[in-house]
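Residue strings, one per chain:
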Amino acid sequence: MSENAYKAAGVDVEAGYESVRLIKDDVKKTAIEGVLGGIGGFGGLFQVPKGYDEPVLVSGTDGVGTKIRAAFLLDKHDTIGQDCVAMCVNDIVCSGAKPLFFLDYIAIGKNVPEKVAQIVKGVADGCVLAGCALVGGETAEHPGLMPEDEYDLAGFSVGVVEKSKITDGDKAKAGDKLIGIASSGVHSNGYSLVRKLFDLDGKNAKEILNTYNEELGKTVGETLLTPTRIYVKPILKLIDEVGINTISHITGGGFIENVPRMLPDGLKAVIHKGTWEVLPIFKLMEKMGNIPERDMYNTFNMGIGMIVAVDADKAQAAVSCLEAAGERACIIGELVCGEKSVEIVDDVTGEVIR
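Residues numbered from 1 in each chain as written. Predicted model: local features only at pLDDT ≥ 70, side-chain atom pairs only at ≥ 80, totals over all residues. Heavy atoms only, no water.

Undergrad: Would you take a moment to explain the environment of Glu215 for this structure?
TA: Along the polypeptide, Glu215 turns up in the loop between strand 8 (212–213) and strand 9 (218–219). Along the chain, Glu215 and Arg229 lie 14 residues apart, while their C-alpha atoms are 22 Å from each other. (Helix = DSSP H or I, 4+ residues; strand = E, 2+ residues; numbered from the N terminus.)

Written as structure tokens, this is what we have:
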């Protein structure tokens, strides 16, 4: 089949070449020591760093989920890539690993080079924030299977950690303090519920997203497209300067599902409501949908993107370290003896969310 015949079938090879040309500068800015070669080959090459006695590779893969619907509606595609990077590297750093490189995969109905370049710019921006290299990717045109103006985005990352320094929760103990690190918003989880609450699949979706909301202090769309915060550099700094005993990324499943993942058997996390700011978007959605509080904590991050456990006598030093790295952080709870679980306690009313 000739290129013209392939184009007639819906795949524009020339558009693919143009996409690669447009993204080269963004990819180049992510280059770090270890990158071998450039984009365009059949594989992305990266040399395993020196200085590790027993290097362990840690991998993570994820997508952006249905948050991408807001990007379609607003025709804004330059931040969604950061979400994709964040969802992968924030998981990797939970093992104490430094992300080394990242690859993206874009499935798109019609390859519009300028749109692809915007998406990849966001990916590259995320890689810079995470300190890892964008070593390759794929843009696959899916005519007839996807609407021309839609796409999906997924990513894959690999990091490295010294085997003896893997953060797996074995150092966690009763009395450890829990430090919460602020999120930037909804991040990239719970958007099926978000879409329902804001009727983003309805005929007035664009109008809703462009509406200024007093409670949010910005438009609904600006709030929902706020990119996921990338915690890699602050967490690695915290590990080096203070030390951590265990860590959890508050992602899909919110507090209820993710906090127990950081715990060994015999420990329970007790988290105190009111010790951090619940962001306005969560208060608004809870009110709009009349959503039970437990469901909110079982779906969303509620303003906390990461939780780390540290020795009690290092808690204030941990907060100071994170604040010096540009994060908002505070002590939100502690570990106690008990069945592996999480309790969210209202110290005023005594109400407990499990």
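Undergrad: Honestly, the packing of aromatic side chains in this entry has me stumped. Any pointers?
TA: Two descriptors summarise a pair of aromatic rings, namely the distance from one centre to the other and the angle between the planes of the rings. Tallying each qualifying case throughout the model produces 5 aromatic pairs. Between Phe46 and Phe101, the aromatic rings sit 5.5 Å apart at their centres with planes inclined by 40°, giving tilted as the arrangement. Remark: Phe101 occurs in strand 4 (residues 98–108) and Phe46 occurs in strand 2 (residues 45–46); sequence separation between them is 55 residues. As far as burial versus exposure is concerned, Phe46 and Phe101 are alike and both buried. Note on Phe255 and Trp276: the rings are 5.7 Å apart at their centroids and 15° apart in plane angle, and the pair reads as stacked. With a gap of 21 residues between them, Phe255 in helix 10 (residues 254–258) and Trp276 in the loop between strand 11 (267–272) and helix 11 (280–289) connect regions that are remote in the sequence. Of the two residues, Phe255 and Trp276, both sit in the buried class. Site record: aromatic cluster; members linked through ring pairs are Phe255, Trp276 and Tyr297. (Phe/Tyr/Trp six-rings, centres within 6.5 Å; stacked < 30°, edge-to-face > 60°. Buried < 20%, exposed > 50% of the residue type's maximum accessible area, 1.4 Å probe, protein only.)

Undergrad: Before we go on, may I ask you to explain helix 9 (residues 232–241) in this structure?
TA: An α-helix turns once every 3.6 residues. As a result, residues three or four positions apart point the same way. Listed as buried for helix 9 are Val232, Pro234, Ile235, Leu236 and Leu238. Just past helix 9, the residue Gly243 takes up positive phi, approximately 95°.

Undergrad: Explanation requested: the pairing of strand 6 (residues 151–162) in the structure shown.
TA: Regular strands have side chains that alternate between both faces of the sheet. Judged by how many residues are buried, strand 6 sits mostly within the fold: 9 of 12 residues are covered. The pairing of strand 3 (residues 55–63) with strand 6 spans 9 bridges and is antiparallel. When the bridges of strand 6 are listed, Gly63 appears paired with Ala154. The pairing of strand 4 with strand 6 spans 10 bridges and is antiparallel. Its bridge partner lying in strand 6, Lys98 is registered against Val160. (Pairing = 2+ DSSP bridges.)

Undergrad: Even after reading the chapter, I still don't get the packing of helix 4 (residues 80–92) against helix 5 (residues 113–130), so can you show me in this structure?
TA: If you want to describe how two helices pack, look at the angle between their axes and the distance between the axes. Between helix 4 and helix 5, whose axes approach to 6 Å, the crossing angle comes to 40°. Looking at the two axes, helix 4 sits oblique to helix 5. The hand of the helix 4/helix 5 crossing is right-handed. Between helix 4 and helix 5, the residues in contact are Ile80, Gly81, Gln82, Val85 and Val89 and Ile119, Gly122, Val123, Gly126, Cys127, Leu129 and Ala130, respectively. (Axes fitted to C-alpha atoms, helices over the stretch in contact; angles between N-to-C directions. Parallel < 35°, antiparallel > 145°, perpendicular 65-115°, else oblique. Left-handed = near helix turned anticlockwise from the far one by under 90°. Contact = heavy atoms within 4.5 Å.)

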